[in-house]
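Here are the chains, one letter per residue:
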Amino acid sequence: MTGQTTRLAVYPGSFDPLTNGHVDIIERGTKLFDRIVVAILVNVEKAPLFTAEERVATVREVFRDQPCVEVDTFQGLLVDYARHRQANVIVRGLRAVSDFEYELQMALMNRRLTPEIETVFMMPAEPYTYVSSRLVKEVFSLGGSVEGLVPTSVEAQLRAKHRRLGV
Ligand code: PNS
């Protein structure tokens with residue numbers, strides 16, 4: 001249709017692992033955008049628990065019935081990736097005031113680099129406002145339950161990973 005553009009959003013992150021907070025934000029994003037690309041950072045400096053391939057497979061499996069959710073990896077500057085994908089929006093989740101300063105810095109730096117791409121913040125449902133991948137990994141590795149905080153497939157992957165690593 002003339003003048004109509006596809007609203008494509010990029011939702012970037014480490015997703016190491018995917019939490020139910022991420023899932024909640026992606027589901028909210030599908031209501032606002034025609035297509036949402038979950039863009040998993042391949043960070044060679046950080047040592048993630050899950051490989052990029054494992055993280056991609058997890059998100060694909062969780063959203064297998066939602067064709068408007070795409071999963072991809074990226075390296076380098078996020079705005080370069082977003083421009084390459086012709087995305088008009090970067091989505092980020094905002095849980096608490098503690099997230100705000102880092103997110104503000106990133107959003108303003110990204111805007112300085114690429115003014116035509118807008119960052120949109122979304123709040124997850126209240127039960128997920130304290131959930132982070134870092135805490136999930138820590139609690140799980142120390143024997144605590146992460147039930148309800150991550151998709152069941154992620155719980156199984158955490159168990160398998162810890163068995164393999166012998167921790
Ligand atoms: O889930 P995270 O780890 O908080 O996500 C951070 C991420 C991936 C969004 C951020 O580190 C990023 O965009 N990295 C790519 C490199 C980049 O563009 N850096 C400048 C950001 S202003």
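Residues numbered from 1 in each chain as written. Predicted model: local features only at pLDDT ≥ 70, side-chain atom pairs only at ≥ 80, totals over all residues. Heavy atoms only, no water.

### Examining the nonpolar core
The tendency in soluble globular proteins is for nonpolar side chains to be buried side by side.
Here's step 1: In this structure, I26 and V91 are the most contacted members of the largest nonpolar core, which totals 30 residues.
Here's step 2: Mapped onto this core, the elements with two or more residues apiece are β1 (8-13), α1 (20-32), β2 (35-41), α2 (52-62), β3 (69-74), β4 (89-93), α5 (133-141) and α6 (152-165).
Here's step 3: Not counting residues up to four positions away in its chain, the partners in contact with I26 are Y11, L18, I36, V38, F63 and V69.
Here's step 4: By size, the runner-up hydrophobic cluster in this structure holds 12 residues, among which are A39, L78, A82 and I90. (Core = buried A, V, L, I, M, F, W, Y, C linked by side-chain atoms within 4.5 Å. Buried < 20%, exposed > 50% of the residue type's maximum accessible area, 1.4 Å probe, protein only. Helix = DSSP H or I, 4+ residues; strand = E, 2+ residues; numbered from the N terminus. Contact = heavy atoms within 4.5 Å.)

### Focus on the pairing of strand β5 (residues 118-122)
Here's step 1: Taken together, the 5 bridges between β4 and β5 define a ladder with parallel strand orientation. Its bridge partner lying in β5, I90 is registered against T119.
Here's step 2: The handedness of the β4 to β5 crossover, carried by helix α4 (residues 97-113), is right-handed. (Pairing = 2+ DSSP bridges. Right-handed = clockwise from strand over helix to strand, strands pointing away.)

### Quick notes on the environment of V131
Here's step 1: Its place among the elements puts V131 in the loop between β5 and α5.
Here's step 2: Separated by 109 residues in the primary sequence, V131 and H22 place their C-alpha atoms 9.4 Å from one another.
Here's step 3: Setting aside its immediate chain neighbours within four residues, V131 contacts T19, R95, V136 and L149.

### Here we look at the site of the ligand
Here's step 1: Taken together, 14 residues lie near the ligand, and G13, S14, G76, L78 and R92 sit nearest.
Here's step 2: Here S14 contributes a side-chain N or O atom positioned 2.6 Å from an oxygen atom of the ligand.
Here's step 3: In this structure, an oxygen atom belonging to the ligand sits 3.1 Å away from a side-chain N or O atom of R92.
Here's step 4: If the ligand stood free it would expose 550 Å²; the protein chains cover 75% of that surface.
Here's step 5: Structurally, the ligand is housed in the largest pocket.
Here's step 6: When residues of the shell around the ligand are traced back to their parent elements, those giving at least two are β1 and α4.
Here's step 7: Broken down by element, the residue count for the shell around the ligand peaks at 4 residues, all from α4.
Here's step 8: Tallied by class, residues from the shell around the ligand come to 8 nonpolar, 4 polar and 2 charged. (Near = heavy atom within 4 Å. Polar contact = N/O pair within 3.5 Å; in protein donor to acceptor, adjacent residues only side chain to side chain. Areas by Shrake-Rupley, 256 points an atom, 1.4 Å probe, with all protein chains shown as cover. 1 Å grid on protein atoms, 1.4 Å probe; cavity = no way out; pocket = protein on both sides within 12 Å on 5 of 7 lines; lining within 4 Å. Sits in = over half its atoms within 2 Å of the grid points. Nonpolar A, V, L, I, M, F, W, Y, C, P; charged D, E, K, R; others polar.)

### Regarding the packing of α5 against α6
Here's step 1: For the pair α5 and α6, the least separation of the axes is 11 Å and the interaxial angle reads 55 degrees. By the angle between their axes, α5 is oblique relative to α6. Note that α5 runs across α6; the crossing there is right-handed. Each of V136, F140 and S141 in α5 lies in contact with α6, whose residues at this interface are E155, L158, R159 and H162.
Here's step 2: Taken together, the residues of the contact of α5 with α6 sort by class into 3 nonpolar, 2 polar and 2 charged. (Axes fitted to C-alpha atoms, helices over the stretch in contact; angles between N-to-C directions. Parallel < 35°, antiparallel > 145°, perpendicular 65-115°, else oblique. Left-handed = near helix turned anticlockwise from the far one by under 90°.)

### Here we look at the environment of E103
Here's step 1: Mapped onto the elements of the fold, E103 is located in helix α4.
Here's step 2: Sequence separation between E103 and G93 is 10 residues, and the spatial gap between their C-alpha atoms is 9.0 Å.
Here's step 3: Ignoring sequence-local partners within four residues, the contact set of E103 consists of R92, G93, L94 and F121.

Interpretation in functional terms is not warranted from these geometric data alone.
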